[in-house]
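Examining the three-dimensional arrangement
The chain contents come next:
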Amino acid sequence: MRELSVYYCRSCGHYAFFQLQNNAVCHKCEEPMILLPMPYQKFMDIGYEDRDRLISREIINASPTLVQRLTAPGKLFNQREIIGHLTNRVEELEEENKELSDTVEWMHETIWTLIRKSKS
């Protein structure tokens with residue numbers, strides 16, 4: 001006889017116990033449930049609060065878009081970070097501009113020197 005396994009719903013967080021994965025369908029959302037990587041007996045030995053934390057962590061880890069959506073408002077209004085990045089980029093562009101200006105100046109000097117020599 002197969003042992004029970006713990007499955008959870010990625011949408012609503014409901015968990016249930018099934019022997020076969022084919023039977024693991026959430027009765028609330030009617031979506032396929034995900035196998036929790038923990039033996040049934042170990043899951044039964046932990047308290048309800050720890051079960052909730054475990055399943056919450058699994059849902060967050062399985063859904064990186066959820067994490068991105070949760071942290072998006074903070075990133076949107078984090079102007080210090082944006083200003084820091086832009087300041088660094090401006091400094092990089094100024095250095096590049098100076099190098100290019102120096103190169104153009106050197107080229108002009110070289111060209112005019114060659115023109116003077118060819119005329120002489």
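Below: a short report on this structure.

**Notes on the sheet that holds strand S3 (residues 34-39)**
With antiparallel pairing, the three strands of this open sheet are ordered in space as S2-S1-S3. One side of each edge strand has no neighbouring strand; the edge strands of this open sheet are strand S2 (15-18) and S3. Along the sheet, successive strands turn relative to each other by an average axial angle of 40°, direction set aside. Judged from the three bridges that link them, strand S1 (residues 5-8) and S3 form a sheet pairing that is antiparallel. Looking across to S3, one finds that Ser5 is bridged to Pro39.

**Focus on helix H2 (residues 48-62)**
Given a rise of 1.5 Å per residue, 15 residues ought to cover 21 Å, and the 21 Å separating the end C-alpha atoms of H2 matches this to within 8%. For H2, the secondary structure elements touched by its buried residues are S1, S2, S3 and helix H1 (40-45).

**Considerations on the packing of aromatic side chains**
Taken as a whole, this structure holds five aromatic pairs when the rule is applied. Considering the side-chain rings of Tyr15 and Phe43, the 5.1 Å spacing of their centres and the 75° angle between planes classify their relative orientation as edge-to-face. Here Tyr15 is found in strand S2, whereas its partner Phe43 is found in helix H1, with 28 residues between them in sequence. Relative to Tyr40, the ring of Phe17 lies with its centre 5.1 Å away and its plane at 90°, an arrangement referred to as edge-to-face. Within this pair, whereas Phe17 is found in strand S2, its partner Tyr40 is found in helix H1, the two being separated by 23 residues in sequence. Residue classification places Phe17 among the partly exposed positions, given a relative accessible area of 29%. Tyr40 sits in the partly exposed class, given a relative accessible area of 24%.

Each value, and the rule that gives it
- Residues numbered from 1 in each chain as written.
- Predicted model: local features only at pLDDT ≥ 70, side-chain atom pairs only at ≥ 80, totals over all residues.
- Heavy atoms only, no water.
- Pairing = 2+ DSSP bridges.
- Helix = DSSP H or I, 4+ residues; strand = E, 2+ residues; numbered from the N terminus.
- Axes fitted to C-alpha atoms, helices over the stretch in contact; angles between N-to-C directions.
- Expected span 1.5 Å × (residues − 1).
- Contact = heavy atoms within 4.5 Å.
- Phe/Tyr/Trp six-rings, centres within 6.5 Å; stacked < 30°, edge-to-face > 60°.
- Buried < 20%, exposed > 50% of the residue type's maximum accessible area, 1.4 Å probe, protein only.

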